[in-house]
Amino acid sequence: MSSKQEIKFWKDRKMTSFWEYLTVNYCRKPHKKGKIWNGQAEGKQAYDLRLLFRVCSSAQQQLPFVLGSPRAWMDMESQHRVESRCWKTTLVLGERPRPRLDLLFVRRFLRIQAVLFPTWPSPNVLMFLTLLGVAVLEQLVIYQVGVIPSQYYEVLGNKDFSGFQALTAIALTMIVVNSTLKSFDQFICNLLYVSWRKSLTEYLHNCYFQGQVYYSLHILHEDIDNPDQRISQDVERFCRQLSSMASKLVISPFTLAYYTYQCFHSTGWLGPVSIFGYFVIGTIINKVLMSPIVSKLVQQEKLEGDFRFKHMQIRVNAEPAAFYRAGRVEHMRTDRRLQNLLQTQRELIGKELWLYIGINTFDYLGSILSYVIIAIPIFSGVYGDLSPTELSALVSKNAFVSIYLISCFSQLIDLSSTVTDVAGYTHRIGELQETLLSLGRRENKSYSEAKAWDSDSSESGEDPEPRDTAFLLEQVTLSVPSSGKLLIKDLSLRISQGDSMMIMGNTGTGKTSLLRVLGGLWESTQGNVQMLTCFGPRGVVFLPQRPFFTDGSLREQVIYPLKEIYPVSGSADDERIVQFLELAGLTDLLARAGGLDKQVDWNWYDVLSPGEMQRLSFARLFYLQPRYAVLDEATSALTEEVEHDLYRVCLQLGMTLISVGHRASLEKFHSWILKLQGGGKWELTRCEKMKRPPSWEE
């Protein structure tokens, strides 16, 4: 290829070279010294750049030829679908960074705090300020209780009985007040735990259930492991651990300042300097011991989720596993996950051992350090003019001040294990939050573009397509996001009311994938897909390949997902539901469920056969009565006779059908046949078997 052709190749891509192409499309930062920084790769698992760099590192002199050749790049591009405009996901070269106590932790922690404390007058802020006030009062009372022993030395040394009685009464009062304040401290911390969990969980739920984010997260972003565990278990543990250390953290600045002043007043500069130096040394040691624990804790939580998921997988698929006699195999696989989890826990326990040694050593050395600080001025003769009674009272008071200051630092050191837990959960929750926000922004963008298209059309008064059109596809090319396999190329069609279409083809040719594009779950690699009607009863309803049932009564299954929209349906609606259950062949289900509104305690997937689940899905479809029904092999578990009856009812109710199926008997219910042949090939033909739907009265 000539240099002019090569320049034209990159110019068509609005680039000057391969490196600019790679930097702009896949990196946030420019490449440096042959390395590519973490960035955005187009397409889920679109391209493994590590392999590319391994090749380049072994043949650096051939790099311009290998990467600069447009023909070689086009071959590579065709194989790996680098230019796929499907779902963007973060590409990490090499190993993912290990979670640590670093700036990333600080950013994620502060972002979570913005959720916990959204506005000034919020309940969480008020409870936190109340906790601060209670903690300050508690510390003032603790100081008064702490100096009581020194006063006892003085009273008992002077044999002052009346003073002893008064001091005892004061001590009892202070102890009762202190106990009450401590109880309120714990009570408010527990309230904060519940309120924090509510705020953070609801925030994550809002992000998770926005549009199709939950689908994209589970299906298209496998780099986020166990989202369910992060939302339920990790959030709960994060809020509990954070609430347990909240009062200690909020009061630490006040206690440190106050007792530093008292210590300086009692022992001079030597006391505070020694204690602060001791704390700095202890902090450095604990930081070194804590760092490897954070990453190991994150790994443990991931393996905990994997282990729980394995048991859930067996519970959900118990019957198929039993037919395969898979108990022994699943036993081995489950035990393997357990062993991986236990091995990680052993490693975590081993690393925590050194942290506990450091914490306990710091605690006990602190008590000795307090007496060393007090002993220096005593032996240097500063208090030589005091009597033994006065000296005992002074030693008791100074010991309390020094020991409590050291205790304040010790409490911060003791929080090391709690901080490591909080850091691990912060990374897991923060990573999930970042992914949800990223997916949510894309959902908002797609929604805004759709609304803009609608508003532009309405404002201009022009309707480029008839209002009876549901879907409009223009030169659509579709590939599998994970592998880049080409399924459909340059498909153009319009699905309008009355023009039912059947999609046929061998397994893996893209039938369900095309429905995902129509439903907005996937994006096309190229071309334009528009849905010109709405979801729901007056628009489009999808029946997926696997029926979905929620928890609740039989009525809730039939009218789903309209439960929250129409909570009270009335007797007239009861008649419609019973009628549609009869049309779907589920007359006996009403008696089995104990009526329409009885809350059953069973799992619908356990009590219904595959055929009954598909019948119940059609009863739901009859109830919603959309203008368009998209059916993905929705009758695969039913006989042709039952299938014929259900399709006939759909046509009688005025639905236009977009069906995926394999049976030739379905052709008579459709006007068009779209046959997918694989490799991007397809064929659209008119169906001559289409019958006029009988009227509802017939």
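Owing to the predicted nature of the structure, the values given are computational and were not obtained by experimental measurement.

Caption draft 1: Inspection of the overall build of the protein chain at higher detail. Across its full length, the protein chain holds 24 helices and 11 strands. Excluding contacts between residues fewer than 6 apart, the proportion of contacts in the protein chain whose partners are at least 24 apart in sequence is 76%. Carbon and sulfur atoms form 58% of the exposed surface of the protein chain, whose accessible area is close to 37,300 Å².

Caption draft 2: Fine view of the packing of aromatic side chains. A complete count under the given rule lists 23 aromatic pairs for this structure. Seen from their ring centres, Tyr258 and Tyr259 are 5.3 Å apart, and the 85° between their planes marks the pair as edge-to-face. With a relative accessible area of 32%, Tyr258 lands in the partly exposed category. Given a relative accessible area of 1%, Tyr259 falls into the buried group. Ring-pair connections join several aromatic residues into one group, and the members of that group are Tyr143, Tyr258, Tyr259, Phe400 and Tyr404. In this structure, Arg240 is placed above the aromatic ring of Tyr193, and the distance from its NZ or CZ to the ring centre is 4.3 Å. Here Arg546 stacks its cationic end above the ring of Tyr605, 5.4 Å away from the centre of that ring.

Caption draft 3: Region of interest: the packing of helix α7 (residues 123-146) against helix α16 (residues 388-414). Running from N to C, α7 and α16 cross one another at 145°; their axes reach a closest spacing of 10 Å. Residues Gln139, Ile142, Tyr143 and Gly146 of α7 touch α16, and the partners they reach there are Lys397, Phe400, Val401 and Tyr404. Partitioning the contact of α7 with α16 into residue classes produces five nonpolar, two polar and one charged.

Caption draft 4: Inspection of unusual backbone geometry at higher detail. Phi at Gln475 is positive, roughly 50°, even though this residue is not glycine. Overall, the relative accessible area of 46% leaves Gln475 in the partly exposed class. At Glu633, a residue that is not glycine, the phi angle is positive and equals roughly 50°. Take Glu633: its relative accessible area is 17%, and that puts it in the buried class.

Caption draft 5: Looking closely at the sheet that holds strand β10 (residues 672-678). Spatially, six strands are ordered β7-β8-β9-β5-β10-β11 in an open sheet, and the strand pairing comes out mixed. Edge positions in the sheet fall to β7 (540-543) and β11 (681-686), since each of these pairs with one other strand and no more. Neighbouring strand axes in the sheet, compared pairwise and without regard to direction, differ in orientation by 15° on average. Of the pairings in the sheet, the one linking strand β5 (residues 501-505) to strand β9 (residues 656-660) comprises three bridges and is parallel in character. Residue pairing across strands places Met501 opposite Ile658, the latter belonging to β9. On the sheet, helix α18 (residues 511-518) packs against β5, β7, β8 (628-632), β9 and β10 and is oriented at approximately 140° with respect to β5.

Caption draft 6: Spotlight on the environment of Gly440. Mapped onto the elements, Gly440 comes out in helix α17 (residues 416-460). Beyond its immediate sequence surroundings of up to four residues, Gly440 is in contact with Gln210 and Val213.

Caption draft 7: The sheet that holds strand β6 (residues 526-531), seen in detail. Pairing in this open sheet of three strands is antiparallel, and the strands run β4-β3-β6 from one edge to the other. Of all the strands in the sheet, the pair left with one neighbour each is β4 (486-496) and β6. The average undirected angle you get between the axes of adjacent strands in this sheet is 15°. Bridging between strand β3 (residues 469-479) and β6 involves five bridges; their strand directions are antiparallel. The partner of Glu474 across the bridge, within β6, is Asn528.

Caption draft 8: Here's a closer look at the nonpolar core. Core analysis: the largest hydrophobic core is formed by 45 residues, its most contacted members being Leu554, Leu581, Leu616, Phe618, Leu621, Phe622 and Leu631. Residue assignment for this core shows that the elements contributing at least two residues are β5, β7, α19 (554-559), α20 (570-583), α23 (610-624), β8 and α24 (640-652). The greatest single-element share of this core, amounting to eight residues, is contributed by α23. Leaving out residues up to four positions away in the same chain, Phe622 has contacts with Arg576, Phe580, Leu583, Ala584, Leu646, Val649, Cys650, Leu653 and Met655.

Caption draft 9: Focus on the packing of helix α12 (residues 246-267) against α16. Interaxial distance between α12 and α16 falls to 9 Å at its minimum, and their mutual angle equals 150°. The angle between α12 and α16 falls in the class roughly antiparallel. Relative to α16, the crossing made by α12 is left-handed. Between α12, through Lys248, Leu249, Ser252, Thr255, Leu256, Tyr259, Thr260, Gln262, Cys263, Ser266 and Thr267, and α16, the contact on the second element is made entirely by Asn398, Phe400, Val401, Ser402, Tyr404, Leu405, Cys408, Phe409, Gln411 and Leu412. Its residues assigned to classes, the contact of α12 with α16 shows 11 nonpolar, nine polar and one charged.

Caption draft 10: Geometry of the pattern of salt bridges. By the definition in use, this model includes 19 salt bridges. Where Arg555 meets Asp597, a salt bridge forms, and the shortest distance between an N and an O atom there is 2.5 Å. Taken together, the positions of Arg555 in helix α19 and Asp597 in the loop between α21 (587-592) and α22 (604-607) put the pair 42 residues apart, joining distant regions of the chain. The class for Arg555 is buried, based on a relative accessible area of 7%. Judged by its relative accessible area of 48%, Asp597 is partly exposed.

About the cut-offs
Residues numbered from 1 in each chain as written. Predicted model: local features only at pLDDT ≥ 70, side-chain atom pairs only at ≥ 80, totals over all residues. Heavy atoms only, no water. Helix = DSSP H or I, 4+ residues; strand = E, 2+ residues; numbered from the N terminus. Contact = heavy atoms within 4.5 Å. Areas by Shrake-Rupley, 256 points an atom, 1.4 Å probe, with all protein chains shown as cover. Phe/Tyr/Trp six-rings, centres within 6.5 Å; stacked < 30°, edge-to-face > 60°. Buried < 20%, exposed > 50% of the residue type's maximum accessible area, 1.4 Å probe, protein only. Lys NZ or Arg CZ within 6 Å of the ring centre and 35° of its normal. Axes fitted to C-alpha atoms, helices over the stretch in contact; angles between N-to-C directions. Nonpolar A, V, L, I, M, F, W, Y, C, P; charged D, E, K, R; others polar. Pairing = 2+ DSSP bridges. Core = buried A, V, L, I, M, F, W, Y, C linked by side-chain atoms within 4.5 Å. Parallel < 35°, antiparallel > 145°, perpendicular 65-115°, else oblique. Left-handed = near helix turned anticlockwise from the far one by under 90°. Salt bridge = Lys/Arg side-chain N within 4 Å of Asp/Glu carboxyl O.

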